[in-house]
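Spelled out from the first residue to the last, the chains are:
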Amino acid sequence: MKKSKGTFWFFLILVVSVLMVNPPIVYLFNDYCVENPITFGWPTMFLWLEFWYTVMVVDFIVAAAKLKAWDCHQDQKEIVPVPRKPL
């Protein structure tokens, strides 16, 4: 089954977002946080993590709304009971 470009972008954004909130990227960003502990009146590390978690959530919402593979309306088939074999 061939993946669409939308699926590729969904997984790419998801992988980048997950990498940005885990070591070693957080350790590199922590050096910046030591020099600048407060940004816009908020802790810098908190803003960094919340930004990437928001990117992940938006990525899932857009994928659920736009990707054809995630469309549950395509499964409108009638459920047919299957006879069981006797024990």
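Given the structure is predicted, the values throughout are model-derived calculations rather than measurements.

Asks: Give me the lowdown on the packing of aromatic side chains, citing residues and values where you can.
Replies: Counted by the stated rule, this structure contains 8 aromatic pairs. Where F8 meets W9, the ring centres are 5.5 Å apart and the plane angle is 75 degrees; that geometry is what we call edge-to-face. Judged by its relative accessible area of 49%, F8 falls in the partly exposed class. Taken together, a centroid distance of 4.0 Å and an interplanar angle of 20 degrees make the contact between F29 and W48 stacked. In this pair, F29 sits in helix α2 (residues 25–35) while W48 sits in helix α3 (residues 44–66), placing the two residues 19 residues apart along the sequence. The rings of F29, Y32, W48, F51 and W52 are connected pair by pair, giving a single aromatic cluster.

Asks: If you had to explain the environment of A65 to someone new, which residues and values would you point to?
Replies: Relative to the elements of secondary structure, A65 occurs in helix α3. For the pair formed by A65 and E50, sequence separation is 15 residues and the distance between their alpha carbons is 22 Å.

Asks: Which residues make up unusual backbone geometry, and what are the values?
Replies: In this model, P23 is joined to P24 through a cis peptide bond whose omega is 5 degrees. Within the fold, P24 resides in the loop between α1 (5–20) and α2. One non-glycine residue, F40, adopts positive backbone phi at about 55 degrees. Following the sequence through the fold, F40 ends up in the loop between β1 (38–39) and β2 (42–43).

Asks: Can you tell me about a nonpolar patch on the surface, naming the residues and giving the values?
Replies: Taken together, the side chains of F8, W9, L12, I13 and V16 define a hydrophobic patch exposed on the protein surface, amounting to about 450 Å² of accessible area. Among the structural elements, W9 can be located in helix α1.

Cut-offs and rules
- Residues numbered from 1 in each chain as written.
- Predicted model: local features only at pLDDT ≥ 70, side-chain atom pairs only at ≥ 80, totals over all residues.
- Heavy atoms only, no water.
- Phe/Tyr/Trp six-rings, centres within 6.5 Å; stacked < 30°, edge-to-face > 60°.
- Buried < 20%, exposed > 50% of the residue type's maximum accessible area, 1.4 Å probe, protein only.
- Helix = DSSP H or I, 4+ residues; strand = E, 2+ residues; numbered from the N terminus.
- Patch = residues over 30% accessible without salt bridge, like charges linked within 9 Å, V, L, I, M, F, W, Y side chains within 5 Å.
- Areas by Shrake-Rupley, 256 points an atom, 1.4 Å probe, with all protein chains shown as cover.
- Salt bridge = Lys/Arg side-chain N within 4 Å of Asp/Glu carboxyl O.

From the geometry alone we can't say anything about function, so treat these as descriptive.
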